[in-house]
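Here is how the chains run, residue by residue.
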Amino acid sequence: MSLAQVHYTSAAPGNKGTPGDKETAGRFTAVGAGVSGALLAEIEPLLRHELPEGFPDRPSDDELRSLPQSFTYAVLSDGSRLVSRSAPVRETGGGAGPGVRFHAHAVHLPPGVPLPGDRLPVEAWRSPHWVAVTPGGAIPDPLTLTPGPAAVSEGLDDFAVSRGPWLAAVLADLRRASDAETADDTEAAEGRPVVLVERQCADVARWLGLASATLPRESAERLTFTTYTRRPGSSAVRVVGVLPEDAEAARTAGLRVHVCAGQAPLGGGTDDVWATTAARIWRSRSPELFREARELPGEPFAAGPLAVTALCAGIALGPDERAAAAGWAADRPYALDAKRTGQLVEALTSPGIDDRTGPEFDAAGRLFGALEGRCPAPVTAPLAAMLVTEAVRGGNGSLELPRRDAFVGPEGAAVTERLGPEILTELSDTTGSRSVARTVQLLRVARLLGVDGKESLPGVVDRLAPALLTEAKAKAEETAAEAQDEGGARADGPPDFAPALLELLDEQFEVRTALLGALDRIAPQDPGAVARFLERVALPFTGTQALPHLRMCAEVPAAMATLGGDRAAVWHRVLRAAGLSPFAEPLVLRTAVGLVWEDRAPTVAEARLLLDAATSDSHRVAGTWARLVDAALGAAAAEPSPTGTHSAATGTHSIASPTASPDEAAALAHDLLRGFPEEIGGRERAGLLLLDLVRELRTGAPDPGWAETVRTLCAQAEPVEPALRERAHAALVERLLAPDRPGAELYAFVHGEDAELIAAYDRTARTETVRTRLRTQPAYAADCFTVWTAHPHAGRAWPPVAAALLDEVLRPAVRAMSAEDVAEVEATVGRTGSSGRADAFRTWNRVSTLGRLGRRIAGRVRRG
């Protein structure tokens, strides 16, 4: 087929354009049929050629040959394409001497029409039919390419090796530039080219030759380019070549620039695994592998097929490329024949590799799982050995381990002999800190290799059990902190080690039995932590093991959710889940109390329930008597919230219950002192004795020395709860305000100079209960008058309080009495005291009467 051609040349010899415009103007000298005027306007900017800075006006032949040529491949607006070469030539006619102009020769390819021989555009780079003059007659077809490898392919291996430091990064960018439909390829979408900086435009063409051999055919055809330009920022193609002196202008324009004509870059790498693998293939001088890789299934630029092909050919790859190969083969275990599968496994497990990463091991584990059972054991045995070696020596706890039968035979014996002692040594170590994931992995590998670790198992599970709770708690706290930082809730999922732990317990009955037993033994120490752990990790303890404490811990969330705020009902249900009586196993008391009340004290009513549920010996063994003491001492605390709560961040449960009466708390204190006389001591004992004294003051006959006993016990109970102190003071002064109190106790109180007790007496005497009694009971009023006037010189604290009570409490009460009641008060004062005391009452009362009469007279005078 004849292709339309276009010739374009500079307008005048040596014309360099106007100042500031170094691009030489030109004109069309020949245009083939079918090329419209509109297309010519689009083609002209592609053909113009700008000579480098500082070129001589009359160059020598060598200088002329060294000037850059532009080899361009572009797509036009109508879908047709243009392949052209613009080259500087010597002008021989006119002027003072030979100058330089340029001549552009282009071939127009209609839509869907390929180059002769279905060659790629870059293969026409060195066609001998490009001409530097406009033909005079019929325009021949200049692109009749000879069969066989194109000239651009010659020496590409050497060129790739010489450009090794830039190879991967450039191939990555050329791949992105070739795909206009990639969503994140902003450079291609916006027409922003990739810039290749080379001293020779021929080297830019070689880069394009590398791309054409590396990329799939359809991608290579989309890669428009020019090997030389002075204006990369305005270029309409995807890849441009510039000379080193124009590199800075390209950077200023914000383009992707690869300076391949100088010192090798320090980094020079890319995270594009496909490009990195392709670069390694080129450096190994094996471009034929690109064709082999394209025959394998997968996306065009998937790294897996290319990496598999390279590894099977013996090319050393990095960890990311090896991981890509293993992952691809794991997803397609039937894509490779037996020979290639063996070559791949051999390459992946080579003993000379020392830079394997976690993702690579994970991919190798998936590959083993895909090949196991499909390939002979000798093929997969190296993979299995590598995986377990990494699990033991590398500490990779996320590996998918092979099955036990993978190590049957001499391969298994060799691995066991090598790793068995290391496993037993580490499992027996009780000094270092070992994570849960590490311990679980070692136990699983030990069983896998048939290593006998029965002797070390008790010590292993004794360390593993508390570590489970510690790491799970740390994970929950971390999740809660992250949720707080993010300003929202976050689900508290299982810890990272949970899947491997559950697999271990499913695989090894003896480990499951020992570990569950160890957790059951430590559950009474912190049952709340165990309960929260079981909420996150569903341990299998549905067998015949008793495990009373674990069963209680597993029961509490459902009980809390079902029974709501009834702590007593929750406690009964949790205790039933143990399947044991607290009389037979007192520690179930501790676990049940810890689960229901955790870090708070029971109420008095709940403490009474606990005390009656078991003997004092059971509470003594379980240590729950301390919770009962806390309940009694904290009974006067502030009213709790009326509803129960559950904290999602910490997993703690809270149930509110009503506060008990003071009498109930005092009765509980009395029973605790009798039931645990040896266990209760210090400030707790003093506090309970204070409560017991409150009970006796209100209901019985306490030992003499009430006020001194209250003062002593309060001092011994420091820091005593304010409410408890107030209860003791109130009980004491209420008894002292009673008519039947012993005189010695009253005397000791009045002369004790205890300002706090006297203030409590003053507050109680001013209550409405006492005021009513004073108004309605003349004998009581007489008694109070006697007491409040009997000790006028009893220190500093009492006299002003007594005087104030006489004037502010007793006087209003007497005023409100009838004359008969006042007379009875006076008579009672005389009978219980003396005639002088009765005279004192009359004088005190007369002063009150006269004062009242005087105020009435003064009021009348003012009104008059």
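Provided above is the structure to which this section pertains.
Keep in mind that this is a model prediction, so the values were computed, not measured. (Residues numbered from 1 in each chain as written. Predicted model: local features only at pLDDT ≥ 70, side-chain atom pairs only at ≥ 80, totals over all residues. Heavy atoms only, no water.)

**Some points on the overall build of the chain**
Stage number 1. Secondary structure summary: the chain contains 38 helices and 11 strands in total.
Stage number 2. Expressed as a percentage of its 864 residues, the buried residues of the chain come to 48%.
Stage number 3. Residue pairs in contact within the chain that sit at least 24 positions apart in sequence constitute 70% of those at least 6 positions apart. (Helix = DSSP H or I, 4+ residues; strand = E, 2+ residues; numbered from the N terminus. Buried < 20%, exposed > 50% of the residue type's maximum accessible area, 1.4 Å probe, protein only. Contact = heavy atoms within 4.5 Å.)

**Focus: the nonpolar core**
Note that soluble globular proteins tend to have their nonpolar side chains buried in a common cluster.
Stage number 1. By size, the foremost hydrophobic cluster in this structure holds 222 residues, and its most contacted members are Leu501 and Trp788.
Stage number 2. Residues in contact with Trp788, not counting those within four places in the same chain, are Leu737, Tyr761, Ala765, Leu774, Trp798, Ala802, Leu805, Leu806, Val809 and Leu810.
Stage number 3. Counting 13 residues, the second-largest nonpolar core is a separate cluster that includes Ala4, Leu39, Leu82 and Ala104. (Core = buried A, V, L, I, M, F, W, Y, C linked by side-chain atoms within 4.5 Å.)

**Considering the packing of helix H4 (residues 164-177) against helix H6 (residues 201-214)**
Stage number 1. Put simply, H4 and H6 touch, their axes get as near as 11 Å, and they point 65 degrees apart. The pairing of H4 with H6 is recorded here as roughly perpendicular in orientation. Considering the relative orientation of H4 and H6, their crossing is right-handed. Seen from H4, the contacting residues are Trp166, Leu167, Val170, Leu171 and Leu174; seen from H6, they are Trp207, Leu210, Ala211 and Thr214.
Stage number 2. By residue class, the composition of the contact of H4 with H6 is eight nonpolar, one polar and no charged. (Axes fitted to C-alpha atoms, helices over the stretch in contact; angles between N-to-C directions. Parallel < 35°, antiparallel > 145°, perpendicular 65-115°, else oblique. Left-handed = near helix turned anticlockwise from the far one by under 90°. Nonpolar A, V, L, I, M, F, W, Y, C, P; charged D, E, K, R; others polar.)

**Things to note about the packing of aromatic side chains**
Stage number 1. Considering all chains together, one arrives at 15 aromatic pairs under this definition.
Stage number 2. Summarising the aromatic geometry, the rings of Phe749 and Trp798 are spaced 6.2 Å apart at their centres and angled 80 degrees between planes, so their arrangement reads as edge-to-face. One end of the pair, Phe749, is in helix H32 (residues 743-750); the other, Trp798, is in helix H36 (residues 798-815), and 49 residues separate them in sequence.
Stage number 3. Ring geometry for Tyr761 against Trp798: centres 5.4 Å apart, planes inclined by 70 degrees, an arrangement best described as edge-to-face. Residue Tyr761 is located in helix H33 (residues 755-765), and its partner Trp798 is located in helix H36; the two are separated by 37 residues in the primary sequence.
Stage number 4. Trp798 sits in the buried class, given a relative accessible area of 0%. (Phe/Tyr/Trp six-rings, centres within 6.5 Å; stacked < 30°, edge-to-face > 60°.)

**So, the pairing of strand S1 (residues 4-10)**
Stage number 1. Along S1, seven of the seven residues are buried, which leaves the element largely enclosed by surrounding structure.
Stage number 2. Here S1 pairs with strand S5 (residues 99-109) via six bridges, running antiparallel. By the bridge assignment, Tyr8 is partnered in S5 with Ala104.
Stage number 3. The sheet contact formed by S1 and strand S2 (residues 26-31) spans five bridges and is antiparallel. Counted as the bridge partner of Thr9 is Arg27 from S2. (Pairing = 2+ DSSP bridges.)

**Let's talk about the pattern of salt bridges**
Stage number 1. Enumeration over the complete set of coordinates arrives at 51 salt bridges.
Stage number 2. Of the charged contacts in the structure, one is a salt bridge between Arg230 and Glu53, with a shortest N-O distance of 3.6 Å. A residue pair is termed long-range when its members are at least 10 positions apart, and Arg230 in the loop between strand S7 (225-226) and strand S8 (239-242) and Glu53 in the loop between helix H1 (37-47) and helix H2 (61-66) qualify at 177 residues.
Stage number 3. Overall, Arg230 belongs to the buried group, its relative accessible area being 15%.
Stage number 4. Here Arg163 and Glu198 are joined by a salt bridge, their closest N and O atoms 2.9 Å apart. Of the two residues, Arg163 sits in the loop between helix H3 (156-162) and H4 while Glu198 sits in the loop between strand S6 (194-197) and H6, which places them 35 residues apart along the sequence.
Stage number 5. When its relative accessible area of 13% is taken as the criterion, Arg163 is described as buried.
Stage number 6. A relative accessible area of 2% means that Glu198 is categorised as buried. (Salt bridge = Lys/Arg side-chain N within 4 Å of Asp/Glu carboxyl O.)

**Description of the sheet that holds strand S9 (residues 256-259)**
Stage number 1. Here nine strands make up an open sheet; going across it, the order is S2-S1-S5-S4-S3-S7-S8-S6-S9 and the pairing mixed. Of all strands in the sheet, those bounded by a partner on one side alone are S2 and S9.
Stage number 2. Sheet topology places strand S3 (residues 70-75) next to S7; two bridges connect them, and they run antiparallel. Across the sheet, residue Thr72 finds its bridge partner in S7, namely Thr226.

**What about the environment of Ala172?**
Stage number 1. With respect to the helices and strands, Ala172 occurs in helix H4.
Stage number 2. The spatial distance from the C-alpha of Ala172 to the C-alpha of Thr276 is 8.0 Å, given a sequence separation of 104 residues.

**Quick word on the environment of Ala384**
Stage number 1. Along the chain, the position of Ala384 falls in helix H15 (residues 377-394).
Stage number 2. Of the residues examined, Ala384 reaches a relative accessible area of 0% and is grouped as buried.
Stage number 3. Between the C-alpha atoms of Ala384 and Pro402, which are 18 residues apart in sequence, the distance is 6.1 Å.
Stage number 4. The contact partners of Ala384, leaving out residues within four places of it in the chain, are Phe368, Pro402, Ala406 and Phe407.

**Focus: helix H22 (residues 548-563)**
Stage number 1. The end-to-end C-alpha separation of H22 is 21 Å, in line with the 22 Å expected for 16 residues at 1.5 Å each.
Stage number 2. The sharpest bend along H22 reaches about 35 degrees and sits at Val556, with the proline Pro557 one to four residues further on.
Stage number 3. Listed as buried for H22 are Pro548, His549, Leu550, Met552, Cys553, Val556, Pro557, Ala559 and Met560.
Stage number 4. Gly564, located one to two residues past H22, shows a positive phi value of around 65 degrees. (Expected span 1.5 Å × (residues − 1). Bend = angle between axes of the 7 residues up to and from the residue.)

**Quick look at helix H25 (residues 604-613)**
Stage number 1. All of the buried residues along H25 are Val604, Glu606, Ala607, Leu610 and Leu611. Seen from one end, H25 has its buried residues packed into an arc of 155 degrees, which puts them on one side. Exposed residues pointing more than 90 degrees away from the buried face of H25 are listed as Ala605 and Asp612. (Arc of directions from axis to C-beta.)

**A look at the pairing of strand S4 (residues 81-91)**
Stage number 1. Counted residue by residue, S4 has 10 buried out of 11 residues, so it is predominantly covered.
Stage number 2. Here S3 pairs with S4 via six bridges, running antiparallel. In the sheet register, Ser70 faces S4, and the bridge partner there is Ser86.
Stage number 3. Where S3 folds back on S4, the antiparallel hairpin that results is connected by five residues, among which Gly79 adopts a positive phi of roughly 90 degrees.
Stage number 4. Bridging between S4 and S5 involves 11 bridges; their strand directions are antiparallel. Of the residues in S5, the one forming a bridge with Val89 is Arg101.

**Notes on the packing of helix H11 (residues 303-312) against helix H12 (residues 319-331)**
Stage number 1. In contact at an axis separation of 8 Å, H11 and H12 are set at 105 degrees when each is read in the N-to-C sense. Relative to H12, the element H11 is oriented roughly perpendicular. Contacts between H11 and H12 involve Ala303, Gly304, Pro305, Ala307, Val308 and Leu311 on the former and, on the latter, Glu321, Arg322, Ala324, Ala325 and Trp328.
Stage number 2. Of the residues belonging to the contact of H11 with H12, the class tally is eight nonpolar, one polar and two charged.

**What about the side chain of Glu745?**
Stage number 1. Residue position: Glu745 is located in helix H32.
Stage number 2. Of the buried charged residues, Glu745 lacks a salt bridge, with Arg711 as the closest side chain of opposite charge at 8.7 Å.
Stage number 3. Residues within four places of Glu745 in sequence aside, it is in contact with Pro704, Gly705, Trp706, Ala707 and Leu736. (Lys, Arg positive; Asp, Glu negative; His and termini not counted.)

**Brief notes about unusual backbone geometry**
Stage number 1. The step from Glu718 to Pro719 runs through a cis peptide bond, and the omega angle for that step is -5 degrees.
Stage number 2. Here Pro719 shows up in the loop between helix H30 (706-716) and helix H31 (722-736).
Stage number 3. The phi torsion at Arg285 lies on the positive side, around 55 degrees, for a residue other than glycine.
Stage number 4. Turning to its location among the elements, Arg285 is positioned in the loop between helix H9 (273-283) and helix H10 (288-294).
Stage number 5. Here the phi dihedral of Leu547 falls at roughly 45 degrees; this positive angle occurs in a residue that is not glycine.
Stage number 6. Examined against the element boundaries, Leu547 turns out to sit in the loop between helix H21 (527-536) and H22.

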